[in-house]
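# Analysis of the macromolecular model
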Amino acid sequence: MSRNVDALHKDPTKRYSRRNVSLPIQLYKLQKAALLREVTLQFLPQHFSRHQTNTTYLNWKTNELFWKIDWIFPLANDYKLTDTKILDTTKLATALDKVLESQSKSSKLQFYQSADTSEIIALLKGERVAGGKRFFELDLSITLQENFQGKVIIEYPVIVVVLRDHKYMFDIIDPDEEENIIKENNKRRENKQSLENKESNEQNKDGKNDDIVKNNNFLFSTNNDIQMETDSVEEVEEVSSISYEFDY
């Protein structure tokens, strides 16, 4: 028994109990698992539909993270398809092929289905990125986990699929700026992790319960003393209903 307790205590995805936890335990474990994958995962308040419909989850026994992903296809009038459960070690190209194949009997995605893989690009909306609605270009040849490293994700990823010829219609973050953004995100993540470890060690020294998760794990806090991490509610609500305008 003592070995099991010690093992759980050392594993940051398993060591937290339900006692005094402001963020639901399953979300805290999910957030910590994402953190270990170098992804900053943030949650909206419970009444947001984006939060209520999020099926992303962590299988803590196997330490496997399954994402919910919304796929948006602008060339099909912003047609949206949803993957409710996809393992983060899946290659992005494989995930996209699965989505396109699911519509093989439909003509809605004919522009994408008839295109060569080299003609298709996948874009991830940049969260907490200056300059309005901007996107990271993802690499189809690597896994979801690798693509999301160093990024901020609110609830779950929304991936926009476009043809390379239409790339100019989007404000895509260039590689140099992306590198700087990832460095900043990694720095914030490491600082947060260091602070949590310090607080946990201090609580252990005082003999206090270290299983406390603070409200600021949410994107918004119910505590007025904690500063919001976004500029406005409207800016975050925009995440849950993305719209795109095209001039073909």
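So, a few notes on the structure that sits alongside this text. Only a predicted model underlies this, so the values are computations on that prediction, with no experimental measurement involved.

### Focus: the overall build of the protein
Tallying secondary structure elements over the protein gives 8 helices and 8 strands in all. Every one of the 248 residues in the protein was classed for burial, and the buried ones make up 46%. Once local pairs closer than 6 in sequence are excluded, the contacts in the protein between residues at least 24 apart make up 65%.

### Description of empty space enclosed by the protein
Per the stated rule, a full pass over the model turns up 1 cavity of 30 Å³ or more. For the largest cavity, the calculated volume is near 70 Å³. Around the largest cavity sit 11 residues that line it, and L124, K125, E127, Y156 and V158 are the ones nearest its centre. Secondary-structure elements contributing two or more residues to the lining of the largest cavity are strand 5 (120-125) and strand 7 (152-154). For the lining of the largest cavity, the leading source of residues is strand 7, giving 3 residues.

### Focus on the nonpolar core
Of all hydrophobic cores here, the largest spans 43 residues; its most connected members are W67, W71, F73, F148 and I159. Contact partners of F148, with chain neighbours within four places excluded, come to E38, V39, W67, L124, L138, I153, P157 and I159. Y156, V158, V160 and V162 belong to the second-largest nonpolar core, a separate cluster that totals 10 residues.

### Observations concerning helix 2 (residues 25-36)
Taking 1.5 Å of rise per residue, the 12 residues of helix 2 would be expected to cover 16 Å, and the 17 Å separating its terminal C-alpha atoms lies within 8% of that figure. Along helix 2, 10 of the 12 residues are buried, which leaves the element largely enclosed by surrounding structure. I25, L27, Y28, K29, L30, Q31, K32, A33, A34 and L35 are the residues of helix 2 that are buried. Immediately downstream of helix 2, the backbone of E38 shows phi near 65°, a positive value.

### With respect to the side chain of Q103
Among the structural elements, Q103 can be located in the loop between helix 4 (92-101) and helix 5 (110-113). If near-sequence neighbours (up to four positions away) are discounted, Q103 is found in contact with Y79, L81, L109 and Q113.

### Focus: the packing of aromatic side chains
Pairs of aromatic rings are described using the distance from one ring centre to the other and the angle between the two planes. Overall, the coordinates contain 4 aromatic pairs when judged by the stated rule. Aromatic side chains F135 and F170 sit 5.4 Å apart centroid to centroid with 90° between the ring planes, which places their arrangement in the edge-to-face category. Of the two residues, F135 sits in strand 6 (residues 135-137) while F170 sits in the loop between strand 8 (158-163) and helix 7 (175-205), which places them 35 residues apart along the sequence. When sorted by exposure, F135 lands in the same class as F170, which is buried. Taking the ring centre of Y156 as reference, the NZ or CZ of R50 above it sits at 4.1 Å.

### Describing the environment of H166
Mapping H166 onto the fold places it in the loop between strand 8 and helix 7. The class of H166 is buried, set by a relative accessible area of 19%. Note: C-alpha distance between H166 and L75 (91 residues apart in sequence) is 9.3 Å.

### Brief notes about the pairing of strand 4 (residues 79-87)
Relative to strand 4, strand 3 (residues 64-73) runs antiparallel, the two sharing 7 bridges. Residue pairing across strands places I69 opposite D83, the latter belonging to strand 4. The turn joining strand 3 and strand 4, which pair antiparallel and follow one another in sequence, is formed by 5 residues; a positive phi near 60° is taken by N77.

### A short note on the pairing of strand 8
Within strand 8, 6 of the 6 residues are buried, which leaves it mostly tucked inside the rest of the structure. Side-chain alternation along strand 8 places V158, V160 and V162 on one buried face and I159, V161 and L163 on a second face that is also buried. Taken together, the 3 bridges between strand 3 and strand 8 define a ladder with parallel strand orientation. Its bridge partner lying in strand 8, D70 is registered against V158.

The rules we used
As a convention, each chain's residues are numbered from 1 in the sequence order in which they are written. Per-residue local features of the predicted model are confined to residues with pLDDT of at least 70, and side-chain atom pairs are confined, for both listing and counting, to 80 or more; whole-chain, interface and lining totals are unaffected and use all residues. In computing side-chain properties, one takes all heavy atoms of the structure into account and sets aside hydrogens as well as water. Helix numbers and strand numbers start at the N terminus; a helix is a DSSP run of H or I with at least 4 residues, a strand a run of E with at least 2. Throughout this description, buried means an accessible area under 20% of the type-specific maximum (1.4 Å probe, protein chains only), exposed means over 50%, and partly exposed covers the range between. Throughout, a contact is declared for two residues whenever any of their heavy atoms are within 4.5 Å. A cavity here means a set of points on a 1 Å grid, drawn over the protein atoms and nothing else, where a 1.4 Å probe fits but cannot get out; a pocket is an open set with protein on both sides within 12 Å along at least five of seven lines, and a residue lines either one if it has an atom within 4 Å of a point. Grid points are joined across faces, edges and corners, and a volume is the space filled by probe spheres set on the points. Side-chain atoms within 4.5 Å are what join buried Ala, Val, Leu, Ile, Met, Phe, Trp, Tyr and Cys residues into a set we call a nonpolar core. Residue count minus one, scaled by 1.5 Å, sets the expected span of a helix. Note on aromatic pairs: the rings of Phe, Tyr and Trp (six-membered ring only in Trp) are paired at centre separations within 6.5 Å, and the planes decide the class, stacked below 30 degrees, edge-to-face beyond 60, tilted for the rest. Definition used: whenever NZ (Lys) or CZ (Arg) falls within 6 Å of the ring centre and also within 35 degrees of the ring normal, the charge is taken to sit over that ring. Any two strands are treated as partners once DSSP identifies two or more bridges connecting them.

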